[in-house]
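Chain and residue survey
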Amino acid sequence: MLQKYNVILASNSPRRKELLSGLEVDFEVKTIKGLEESYPSELKAGDIPLYLAKQKASAYVSLLTDNTMIITADTIVWLDGEVMGKPKSREEAIEMIGKLAGNTHQVYTGVCVKTKGKEVSFVDRSDVTFASLSQEEIEFYIDKYKPFDKAGSYGVQEWIGYVAVERIEGSFYNIMGLPVQKLYQYLKIF
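This section reports on the structure supplied with the text.

Rules used in this analysis
Residues numbered from 1 in each chain as written. Predicted model: local features only at pLDDT ≥ 70, side-chain atom pairs only at ≥ 80, totals over all residues. Heavy atoms only, no water. Helix = DSSP H or I, 4+ residues; strand = E, 2+ residues; numbered from the N terminus. Rg over C-alpha atoms; globule rule 2.2 N^0.38 Å. Buried < 20%, exposed > 50% of the residue type's maximum accessible area, 1.4 Å probe, protein only. Contact = heavy atoms within 4.5 Å. Areas by Shrake-Rupley, 256 points an atom, 1.4 Å probe, with all protein chains shown as cover. Core = buried A, V, L, I, M, F, W, Y, C linked by side-chain atoms within 4.5 Å. Salt bridge = Lys/Arg side-chain N within 4 Å of Asp/Glu carboxyl O. Arc of directions from axis to C-beta.

**Some points on the overall build of the protein**
- Along the backbone of the protein there are seven helices and seven strands.
- Starting at the N terminus and walking to the C terminus, you meet the elements of the protein as β-α-β-α-β-β-α-β-β-α-α-β-α-α.
- Taken over C-alpha atoms, the radius of gyration comes to 17 Å for the protein, in line with the 16 Å a tight globule of 190 residues would show.
- For the protein, the spread of C-alpha atoms along the principal axes amounts to about 55 × 35 × 25 Å.
- Taking all 190 residues of the protein together, the buried fraction comes to 48%.
- In the protein, the proportion of contacts linking residues at least 24 apart, taken out of those at least 6 apart, comes to 68%.
- Surface accessibility of the protein: about 9,600 Å² in total, with carbon and sulfur atoms responsible for 46%.

Put into structure tokens, the structure is as follows:
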């Protein structure tokens, strides 16, 4: 269905690359180093990754030709009115997982699909309930898996997903960073 487009995934995320590949879409990965990921402080929850996905897409406008499609995405973890992005240190990662343990949080992914003549964007939400975790379990996960490139300091597809996730409402793949079922529905309109 997308054969008329050269699809570009504008993300370094190996998980997004894996998930888009699962849709049997031919694409290449291109990234621009040093893109700022800041947003207006009044934005909350799903508005944050949606804004960032659109900002990323606008940074790639120079790559658009008549047959190019850009896909950008951004994911955040949201707990009790607080955004949890990528941790800056081991200590911050341990603190984030400690806050998630025994609680339900939301994962929001904003996606933007852009061609020269059309742009669509959307946000998806998944609710994730974590079991309580001991300090030793948290430190084991952080030290072994080093989730410093992941929102909220965790990858649901890793060990922590097996031992901590009690319940998910919404898309599992959204938690990984790309709500592929919803993305597929949007790709069909191009």
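Structure shown, so let's carry the discussion forward.
**Details of the side chain of Lys114**
- Mapping Lys114 onto the fold places it in strand S5 (residues 104–114).
- Given a relative accessible area of 15%, Lys114 falls into the buried group.
- Not counting residues within four places of it along the chain, the set of residues in contact with Lys114 comprises Ala57, Val61, Leu64, Thr68, Met69, Ile70 and Glu119.

**Description of the nonpolar core**
- Formed by 43 residues in total, the largest nonpolar core has its most connected members in Met69, Ile71, Val113, Phe130 and Tyr154.
- When sequence neighbours within four positions are dropped, the list of residues in contact with Val113 reads Met69, Ile70, Ile71, Lys118, Glu119, Val120, Leu183, Leu187 and Phe190.
- Listed in part, the seven residues of the second largest apolar core include Leu52, Ile76, Trp78 and Tyr108.

**Points about the pattern of salt bridges**
- All told, the structure shown has 13 salt bridges when counted by the stated rule.
- The closest approach of N and O atoms between Lys99 and Glu82, which form a salt bridge, is 3.4 Å. Here Lys99 is found in helix H3 (residues 90–100), whereas its partner Glu82 is found in strand S4 (residues 82–84), with 17 residues between them in sequence.
- A relative accessible area of 35% means that Glu82 is categorised as partly exposed.
- Of the charged contacts in the structure, one is a salt bridge between Arg167 and Glu169, with a shortest N-O distance of 3.7 Å.
- Residue Arg167 is classed as partly exposed on the basis of its relative accessible area, which comes to 45%.

**Regarding helix H7 (residues 180–187)**
- Turning to H7, its buried residues number three or more, namely Val180, Leu183 and Leu187. Buried positions in H7, seen along its axis, are confined to an arc of 55° and lie on one side of it.
- Looking at the buried residues of H7, the elements they touch are helix H1 (14–22), strand S3 (68–79), S5, strand S6 (119–130) and helix H6 (172–176).

**Considerations on the environment of Lys17**
- Here Lys17 is to be found in helix H1.
- Excluding residues within four positions of it along the chain, Lys17 makes contact with Leu9, Phe27 and Val29.

Any link to function would need more than the numbers given here.
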